[in-house]
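Breakdown of the fold
Below are the chains, spelled out letter by letter.
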Amino acid sequence: MSTATAVPAAVLRRFPALARHFDRDAAPDQPVLFLHDDLVVRATPSRGGREVFRDDSAAWRAFCDNGFRLPAPTGREASEPPDPSPHEWNRDFRWRPITGPTRILDEAACAQYNEDGYCVLPDVVDAATVEILTSEVDRLEREGEERLRGMRAGRAFIARADEITFTTHIVRGSRFVRGFYGSELFQDIVHDIIGPDVRLYWDQAVYKKPHSPLPFPWHQDNGYTFVEPQQYLTCWIALTDSDESNGGLQLVAGAHTRGTLRHSRTPLGYVCYDRAPTTARSLTTTAGTVVCMSATTPHQTGPNTTGEVRRALVAQFVPDGAVAISREANGRVVRLPAEDPVRQFRILSGGRGVR
Ligand SMILES: O=C(O)CCC(=O)C(=O)O
């Protein structure tokens with residue numbers, strides 16, 4: 001008997017020797033075939049290889065006999081994931097609601113942003129703009145994926161050639177995309193959600209390639225690099241229609257008011273929940289839709305089971321004066337103002353657009 005699967009995190013936790021086996025090869029998240037009780041074979045579309053993992057324990061044999069599945073969880077374990085504690089630098093977070101007056105968000109959108117931590121602006125980018133954005137980003141994404149292929153196992157942390165790519169700082173390579181983020185649409189969105197003085201903090205495109213089997217797991221954007229103030233804004237811009245079948249956006253409503261949660265680093269990314277809380281929602285979005293969410297809103301995207309690329313742009317905006325905080329290997333804490341003139345440019349100053 002055999003089964004094709006990525007190795008789920010729960011299986012790696014249950015069998016630490018298997019996790020160490022994959023760790024040595026730095027690719028524990030690639031799909032594998034469990035062929036029989038002691039043979040594990042890598043089976044990705046682009047890479048192959050076989051390797052032997054042996055474990056004589058009764059638990060491993062039970063896992064194999066059970067069709068390579070762990071016993072079903074019971075009780076509370078079956079429903080809610082463990083409640084993460086706050087991030088070590090999240091000491092006094094207070095959610096700051098949108099109060100208005102607003103330029104683009106209506107009352108319902110403001111209420112949803114305040115209560116759920118996100119709101120959806122359907123079809124606010126016209127088809128012609130989506131087409132130009134797509135061709136600009138495709139060009140840069142292709143170059144980036146070529147560089148990725150040259151790296152060990154075709155991956156760099158969370159980016160994996162032929163599965164998921166992150167094309168960062170597109171504004172450096174595309175005047176069109178730079179102008180798009182400075183357009184009236186984003187001036188109005190950031191005015192309503194952040195205030196009168198706003199900069200672009202980060203921008204990237206995330207492409208999920210056809211038949212990519214792994215999720216980009218549950219995280220808050222502020223779980224990556226910790227930014228103060230924590231409540232900044234992520235706009236997830238759909239360049240293709242998306243839903244659960246191709247890795248559409250899923251969010252946990254209501255958790256944003258806790259501020260930044262503790263995350264663990266995994267080969268798939270930083271993770272705050274190891275499975276979906278019962279309050280998780282899946283969005284269906286058409287190309288040209290913008291989802292606005294707080295950097296404290298937990299979200300994930302699932303596998304892309306279709307034969308088409310799922311494309312999204314991610315643009316993050318901070319109030320002027322925001323600081324990115326990180327800890328160096330020697331333990332020193334570094335605070336870096338988010339004001340790079342090339343890629344963290346002003347969008348609004350005193351409420352007026354800066355172009
Ligand atoms: O678009 C995706 O697949 C995930 C994007 C995301 O969650 C992020 O950039 O933080």
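Residues numbered from 1 in each chain as written. Predicted model: local features only at pLDDT ≥ 70, side-chain atom pairs only at ≥ 80, totals over all residues.

Here we take up the site of the ligand. Close contacts around the ligand come from V206, K208, F216, D221, G247, H299, T301, A312 and V314, and that covers them all. Of all the secondary structure elements, the ones that give two or more residues to the shell around the ligand are strand 9 (198-208), strand 18 (299-301) and strand 19 (310-319). (Near = placed C-beta within 6 Å. Helix = DSSP H or I, 4+ residues; strand = E, 2+ residues; numbered from the N terminus.)

Attention now goes to the environment of T284. Locating T284 in the fold gives a position in the loop between strand 16 (280-282) and strand 17 (290-294). Along the chain, T284 and S242 lie 42 residues apart, while their C-alpha atoms are 5.8 Å from each other. Sequence-distant contacts of T284, that is, excluding residues within four places in its chain, are made with D243 and G248. (Contact = placed C-beta atoms within 7 Å.)

Attention shifts here to the nonpolar core. Among the nonpolar cores identified, the biggest contains 59 residues, and V190, I237, C292 and F317 are the most heavily contacted of them. Per-element tally for this core: the top contributor is strand 9, with 7 residues. For I237, the contacting residues outside a window of four places in its chain are V125, V290, A312, L313 and A315. Residues L261, V271, C272 and Y273 belong to the second largest nonpolar core, which totals 5 residues. (Core = buried A, V, L, I, M, F, W, Y, C linked by C-beta atoms within 7 Å. Buried ≥ 20, exposed ≤ 12 C-beta atoms within 10 Å, placed from the backbone.)

Let's shift gears to the pairing of strand 13 (residues 249-252). For strand 13 and strand 18, the ladder comprises 3 bridges, and the chain directions are antiparallel. Across the sheet, L249 pairs through a bridge with T301, a residue of strand 18. Direction of pairing for strand 13 relative to strand 16: antiparallel, over a ladder of 3 bridges. Bridge pairing in strand 16 links V252 to A280. (Pairing = 2+ DSSP bridges.)

The next subject is the environment of R149. Relative to the elements of secondary structure, R149 occurs in helix 6 (residues 127-149). Look at R149 and you get exposed, because 12 C-beta atoms sit within 10 Å. With 12 residues separating them in the primary sequence, R149 and A161 have C-alpha atoms 6.0 Å apart. Look past the residues within four positions of R149 in its chain and what remains in contact with it is G154 and A161.

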